[in-house]
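# Results of the structural survey
Each chain is listed here by its residues.
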Amino acid sequence: RGGLFPHMTAAENIGLICKLEGWDEQRISSRVDELLTLVNMPPDKFRNRKPRELSGGQQQRVSIARALALEPGILLMDEPFGALDALTREKMNLELQRIAAATQATVVLVTHAISEAVFLADRVVLLTPRPGRIHSITDVPFPRPRRPDVETEPEFQRISRELRHALDADASAETAA
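Remember, predicted model here, so these are calculated numbers, not experimental data. (Residues numbered from 1 in each chain as written. Predicted model: local features only at pLDDT ≥ 70, side-chain atom pairs only at ≥ 80, totals over all residues. Heavy atoms only, no water.)

### Re the pairing of strand β4 (residues 134–139)
Alignment of strand β3 (residues 123–127) against β4, held across 5 bridges, turns out to be antiparallel. Bridge pairing links L126 to S136 in β4. Where β3 hands over to β4, the hairpin turn is made up of 6 residues, counted between the paired strands. (Pairing = 2+ DSSP bridges. Helix = DSSP H or I, 4+ residues; strand = E, 2+ residues; numbered from the N terminus.)

Here you go:
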């Protein structure tokens, strides 16, 4: 879950890269509190907790906070919510959308969940199986912020169906080869 160091607290995990960059302790502490607040984890409650004391969703929030420590322009995420239960995953999708808007970071998210891709993305890039090449790029037209009920809209369903069909066609072609 985000590769948190189990022997370190949430604050130590988030502040690690800042420490490696040579920041002073006061600046690190201030940035950690800012990021914990951003990911909806009050610093006074979560700063000193170790990963084993956090739920899966909380661990993901700490991982996102750590990734944002140096204010990157791009946030790369590979199946960040794959190990979470469905309700926590939905909550984290809403949180990621909010965090991306607040930080103005471009998020590149790899996921195998079609509905998650359509919900979170402005563009879905579908890759072919071995070797991975761009199969298609689909624009997602829904305004932000998106609410979970967007998934019931006919256009959402149409886009999801087209992506599923393209994936199934690629899988069939690969099996036949």
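Here the narrative resumes, following the displayed structure.
### Digging into the packing of helix α1 (residues 10–20) against helix α2 (residues 25–38)
Viewed as axis vectors pointing N to C, α1 and α2 meet at an angle of 130 degrees, and their least axial separation amounts to 9 Å. It follows from the interaxial angle that α1 and α2 lie oblique. Like other packed secondary-structure pairs, α1 and α2 cross with a definite hand, here right-handed. Contact residues: α1 offers A11, I14, G15, C18 and K19, while α2 offers E25, I28, R31, V32, L35 and L36. Counted by class, the contact of α1 with α2 contains 7 nonpolar, 1 polar and 3 charged residues. (Axes fitted to C-alpha atoms, helices over the stretch in contact; angles between N-to-C directions. Parallel < 35°, antiparallel > 145°, perpendicular 65-115°, else oblique. Left-handed = near helix turned anticlockwise from the far one by under 90°. Contact = heavy atoms within 4.5 Å. Nonpolar A, V, L, I, M, F, W, Y, C, P; charged D, E, K, R; others polar.)

### Concerning helix α5 (residues 86–103)
In a regular helix each residue adds 1.5 Å, so 18 residues correspond to 26 Å; α5 covers 25 Å between its end C-alpha atoms and thus fits that length. Of the positions making up α5, those classed as buried are R89, M92, N93, E95, L96, Q97 and I99. Against α2, α4 (56–67), β1 (74–78), β2 (106–110) and α6 (114–120) lie the buried residues of α5. The distance from a side-chain oxygen at the start of α5 to the backbone nitrogen of L87 is 3.1 Å, and the residue carrying that oxygen is D85. Where α5 ends, the next residue or the one after it, Q104, has phi of about 65 degrees, a positive value. (Expected span 1.5 Å × (residues − 1). Buried < 20%, exposed > 50% of the residue type's maximum accessible area, 1.4 Å probe, protein only. Polar contact = N/O pair within 3.5 Å; in protein donor to acceptor, adjacent residues only side chain to side chain.)

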